[in-house]
Amino acid sequence: MNNSLLIVLIASGVAYGTPLLYAALGELLAERSGVLNLGVEGMMLVGAVMGFWTVQHVHANAGIALAAAVVVAGLVGAALSAIHAFLVITLRASQIVSGLALTIFAGAVGLSSYLGNDLNLSGAPATHTFSAVFPASMQRWPVIGPIVFGQNVLVYISWGCVVGIWLYLSRTRPGLNVRAVGESPAAADTMGINVTRYRYVHTLVGGAFAGVAGATITLAITPQWVDGITGGAGWIAIALVIFAFWRPELCLVGAYFFGALQALAPQLQARHISLGPTVLWTNALPYVMTIVVLVIVSSGTARSRLGAPAALGNPYAREER
Amino acid sequence: MRITFERRLRQPRWLSVAVPVGSVVFAFFLAGLVLLATGHNPLSTYRQLFDAAFLQTGSLTQTLISATPLAFTGLAAAAAFRMKLFNIGAEGQLYMGAIFGAAAGLYLGGTGSSSPFVIAAMVVTGCVGGTLWALIPGVLKAFFKTNEILTSLLLNYVAALVLTYLIFQSQSYWRETKGFNASVFPVGKQLPPSAVWPSWTIHIQGGVTVPLGAVLAVLAAVVLWVLYARTRFGFEARVLGDSERAARYAGVRVRRKILAVMALSGAIAGLGGASQVGDFAHSIDGDPNGLQKLGYGYTGIVIAALARYNPFAVVVVAFLIGGLENAGNTLQGVDFPAGLVGVIQGIILFSALGGEVLIRHRVRIVRTKKRAAAAGAEPAS
Amino acid sequence: MATAPPAVSMRGITKRFPGVVANDGVDFEAAAGEVHALLGENGAGKSTLSHILTGLYHADAGTISLYGEQVDFASPREAIDAGVGMVHQHFRLVQRFSVAENLVLGDRRGVGRTFRINPGAVETQVRELGERYSLGVDPHAKIWQLSVGEQQRVEILKALYQEARILILDEPTAVLTPDEADNLFVTARQMASEGRTVIFISHKLHEVKAVSDRVTVLRAGKALATVQTAEATPQSLAALMVGRDIEIVSREGHARPDSPPVLELDDVWADGDRGNVAVKGVSLTVRAGEIAAVAGVSGNGQRELAETIAGLRPCTKGAVSVKGKTVHNGDARSAFEAGIGYVPEDRLGTGVAPTLSIAENLGLKSFRDDSLGPFLRLGPMRATAEEAIRTFEIKASGPDQETDYLSGGNLQKVVIAREFDANPSVLVAASPTRGLDVAAVEQVHAYLLRAAESGTAVLLISEDLDEIFALNDRVLVMYEGRLTEAEDRESVAEIGLRMAGGTPDAKPS
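Just so it is clear, the model here is predicted, and its values are computed rather than measured.

Parameters at a glance
Residues numbered from 1 in each chain as written. Chains lettered and ligands numbered in written order. Predicted model: local features only at pLDDT ≥ 70, side-chain atom pairs only at ≥ 80, totals over all residues. Heavy atoms only, no water. Phe/Tyr/Trp six-rings, centres within 6.5 Å; stacked < 30°, edge-to-face > 60°. Buried < 20%, exposed > 50% of the residue type's maximum accessible area, 1.4 Å probe, protein only. Lys NZ or Arg CZ within 6 Å of the ring centre and 35° of its normal. Helix = DSSP H or I, 4+ residues; strand = E, 2+ residues; numbered from the N terminus. Axes fitted to C-alpha atoms, helices over the stretch in contact; angles between N-to-C directions. Parallel < 35°, antiparallel > 145°, perpendicular 65-115°, else oblique. Left-handed = near helix turned anticlockwise from the far one by under 90°. Contact = heavy atoms within 4.5 Å. Buried area = accessible area lost by both parts, 1.4 Å probe. Salt bridge = Lys/Arg side-chain N within 4 Å of Asp/Glu carboxyl O. Polar contact = N/O pair within 3.5 Å; in protein donor to acceptor, adjacent residues only side chain to side chain. Pairing = 2+ DSSP bridges.

> What am I meant to see in the packing of aromatic side chains here?
Two numbers describe a pair of aromatic rings. These are the distance of the centres and the angle of the planes. Inspection of the entire model under this criterion finds 24 aromatic pairs over all chains. With 5.0 Å between their ring centres and 85° between their planes, B:Phe81 and B:Phe86 make a pair best called edge-to-face. The same class applies to B:Phe81 and to B:Phe86, which are both buried. These aromatic residues form a ring-pair network of at least three members: A:Phe134, A:Trp141, A:Phe149, A:Tyr156 and A:Trp159. Between B:Lys189 and the ring centre of B:Tyr173, over which it is positioned, the NZ or CZ distance is 4.6 Å.

> Can you walk me through unusual backbone geometry in this structure?
What is expected of a backbone is that most residues other than glycine have negative phi and most peptide bonds are trans. Positive phi values are uncommon outside glycine, yet A:Phe245 reaches one of about 50°. You will see that C:Glu393, though not glycine, has its phi angle at about 55°, which is positive. By the secondary structure assignment, C:Glu393 is in the loop between helix H13 (378–391) and helix H14 (408–421).

> Would you mind going over the packing of helix H3 (residues 59–81) of chain B against helix H8 (residues 212–230) of chain B with me for this structure?
All names here are of chain B. Taken N-terminus to C-terminus, the directions of H3 and H8 make an angle of 15°; their axes are 9 Å apart at the nearest point. Taken as axis vectors, H3 and H8 run roughly parallel relative to one another. Where H3 crosses over H8, the two elements pack in a sense that is left-handed. From H3, Thr68, Ala71, Phe72, Leu75 and Ala79 reach across to H8, where they touch Gly213, Ala214, Leu216, Ala217, Ala220, Ala221, Leu224 and Tyr228.

> Before we go on, may I ask you to explain the interface of chain B and chain A in this structure?
By a widely used convention, the size of an interface equals the accessible area lost when the partners come together. Tallying the contact residues gives 45 residues for chain B and 46 residues for chain A. With both chains or domains summed, chain B and chain A bury close to 4,000 Å², and 79% of this area falls on carbon and sulfur atoms. Considering only the surface of chain B that becomes buried against chain A, B:Leu150, B:Leu154 and B:Phe350 emerge as the three largest contributors, covering 17% of it. Connecting chain B to chain A are zero salt bridges. Scanning the region where chain B abuts chain A turns up zero residue pairs in polar contact (both at pLDDT 80 or more). If you list the elements that add at least two residues to the side of chain B that touches chain A, you get helix H1 (13–37), helix H5 (116–144), helix H6 (148–168), helix H13 (296–306) and helix H15 (340–360) of chain B.

> Any chance you could explain the sheet that holds strand E15 (residues 325–326) of chain C here in plain terms?
What holds strands together in a sheet is hydrogen bonding between their backbones, with the strands either parallel or antiparallel. Residues and elements named next belong to chain C. Sheet architecture is open: four strands sit in the order E12-E11-E14-E15, paired in antiparallel fashion. Every interior strand has two partners, whereas the edge strands, strand E12 (277–287) and E15, have only one. Across two bridges, strand E14 (residues 315–322) lies against E15 in antiparallel orientation. Along E15, the bridge assignment pairs Val322 with Lys325. Where helix H9 (residues 302–309) meets the sheet, its contacts fall on strand E11 (261–271), E12 and E14, and the angle it forms with E11 comes to roughly 120°.

> Hey, could you run me through the pairing of E12(C) in this one?
Examined bridge by bridge, E11(C) and E12(C) share seven bridges and lie antiparallel to one another. Directly across from C:Pro261, in E12(C), lies its bridge partner C:Arg287.

Structure below.
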């Protein structure tokens, strides 16, 4: 039963969906503070390549190497997002163009490719990878075995992040403040909240999450380096935030749904289910579904815009006259 | 000490040129630092770059080959972005234009020299292909208010999959089925001779080949400029880009405008795709490591932003960036890692964005008053 | 015995913005326990001064002392901590949050100091404060659900919750009915009697006379005088405020029942932005040469009504017609082709394309007629613009200047110049003089009168009762989407009653 297509799809969905989840959570935090960061794809790629590099070059046991890799990936993501943050928060540049610039700079024909080639990372598989935490016996339990207990530690940490972010936004003072910053920076400023600082912090943390998301791919899912390995996941993550109505718990559901879609094609192939001409559809499915869901969500709520932080995408300037 | 920005009352003209130029200089400087950090010599790398781009024999021809598609995607981006329609899908629209254009070329072409009829058909079908692909996000935005950034972008990935599918995963019309080589490695069908686009030679530097596509790109730039600056259509588009409410107030039919501008943008990108096939490749390139890696669509956005959406500036910038890309391809190797071009372009765009601030605001450094803890503290100046 | 230092003492305050000196060496003082009015026309510098006191702006020169101690606020946070609270003209509330959440935002003292939010404690305080000051409001309600008057109460509660000792009210009555305004005055006096300092910013003379102990008059960035309210008269204050005699423009009541009806609304219903019904069955006729003035507190459907007439909002039922011909529903082009001119409330957002030039904005509706096939005729466009700049005395550097650099008054002139140029049969003017200085207000009123004299049917929608009374041939009142007509010679109090939803007793005929 555990080998049925459905169970495997769900279990793979969780695995494939984890990078989407991390990236979406990070983008959610940035957007809640009012900053749109379209550079997720680029940050993920650089996080992926630098995480990979770390694991290849840190000569220690698996635990330390992997932990170092995750930390490096996070730092790199944060550093990249700092560029975007400076441009859009301090210099009040267009958030859309800046995010695109970040993707071009860091993305598949940019920094990540440069680093990947310059550091000779392609070809060899990762020295260490994240593997399942729980013993094989638990993984054999029906249904929840593979789905819950067959995952690596990054998956479990992501669950913790979902809960943590949910608590942060709904139950803490800084969470209330950041929501105010994203809805109405003028109101927040008047109440003495430092809009600039909140935006910087959340954008940088968002970048760190994106970096970790990238590392998840090269360290847990496809443990090697290939140029452009994320294949558009960063964009799906951005869309995810929208259809999760900017709520972390819904990000989880959405991420796993899209993860399952991504797992569909390889799974069918592994079962020798010939796809024939439908191979195009199965490969395109994640992207097409994203568009479909976006349309549904945007048209229904276009009027009341439930969820979107009201000040998203707009720079804030106190002394405008 | 604080840095404040004061809105300028007037925007000095010279800054509109100085800032983009300054951005490029600054970008090369920063990229030079990146090079240094990774153990390369920036000065020699840049000299090699310039040589390979513009000075060596045959370099200008190569540069035009790189610059032509960039001019098209740059114009496509400029056309849409000017109206605050963020069409990120020029990449996919270019692929579609290539597919449609190649179909026309394969079907209508035959032996003999370049036929104006066949070429015209390719131009038209290329535009149609790009337009259709661009109308998907266009319709979704106009009628369903769906954000065009994500939709147009996701469709790029879909278009790439279509391209690969046609050559690698099916026996499509575009795929070469005859011959020994074809059975070993999938490749696209060659266009017949009459479907090959003409080119002209200018006798400098040992002969520079100007492809038809380059000429068409310049024409497109002229048309675009006239459209936006001198026609009713362009006026309405500019108003809409400035303020949707004011546009409605002025009686602009918003939905139609969105569709029209997306269609226009897609058509230009599609024409770029047809040019790719007609001028250079003469077949469909479905290799995931081929056309899809070149990122013409995304580079076009950088070009458009740097050119501040002015069509003539786009052509000039496209030429320069084309030189950069050409040099990158030529020099690729240990001394010149792949991806450096993207890095430089990204930095250019960042600098241009940052410089934009200078155009609209004056930067002032303000001394904040010291806490007047003691009596007799001096008042601020 | 030394007298206690004043609660607020601002000396030599100067603040410059690009192109204008908003405050020029202003001296201002307010004592604890008083209601001190800051009087001046729009653009005199009142808001700027108060923003400096609350830490939102930073003065270029001058000192501020609170209770004798010099202070220097680097941010609003410090002002709040020092006990300065402000009730803004444009509320600084987070629409999506509840009342309690808005109050708690940014709070660093006591109850609010914890990392985790404790909603219960806030609720209790909200109820308590609400009762003490008759500012009752449900702590759980979301701001967007509240009426404008209730939202203002939340703004005041915010300041009280933060234990403000110095409270600044910035043009608070702009959004209130006359009754609500009276209640506000009572609340202000109550707060002053507790030893707080209330600074009341206004440009309305009768309010200042009604509520304050002292008045400081600002004009063109300078503080002219501080007087005891009891000793001042409306005339003396007005003279100080404006520096010259104001010519009060008013109609002589040209009721012309025999003029042909030009604008007719037949049972028009329209929805608002949030899916609510904003306009409920409005039927209206405006005749040629008539000025029909619609009074009402903003938020009762006036904006939606104006937009429906101008074709920017579709009616769900009913129709708009001009000279007998129905205007195509929800079609702005058809509306202005039918002869409807519209001066929108939101000048910068709707009336003008901000980064386009003045010439382009002036041609915003006429460009289709002036064109040569698909091509624009830029030469004539510029010429028309230069003419308009001269005729309407628009202060600009030229027809190519970007419109968003213009001041409020000049911007409005651009809008009016454009609408007039089209010789409209109907002119809908929504809050046309909001935020303008007295000179500009006079000019706008003059244009409206001229339009009426030349036969245009004018529909004036305004929150300013003075304006309504000065210009009207008829007064109508809009309340919760419905329009009622006031009878001849109704008083301010009776109109005020209508604005709050009531019906005055019938007049004896």
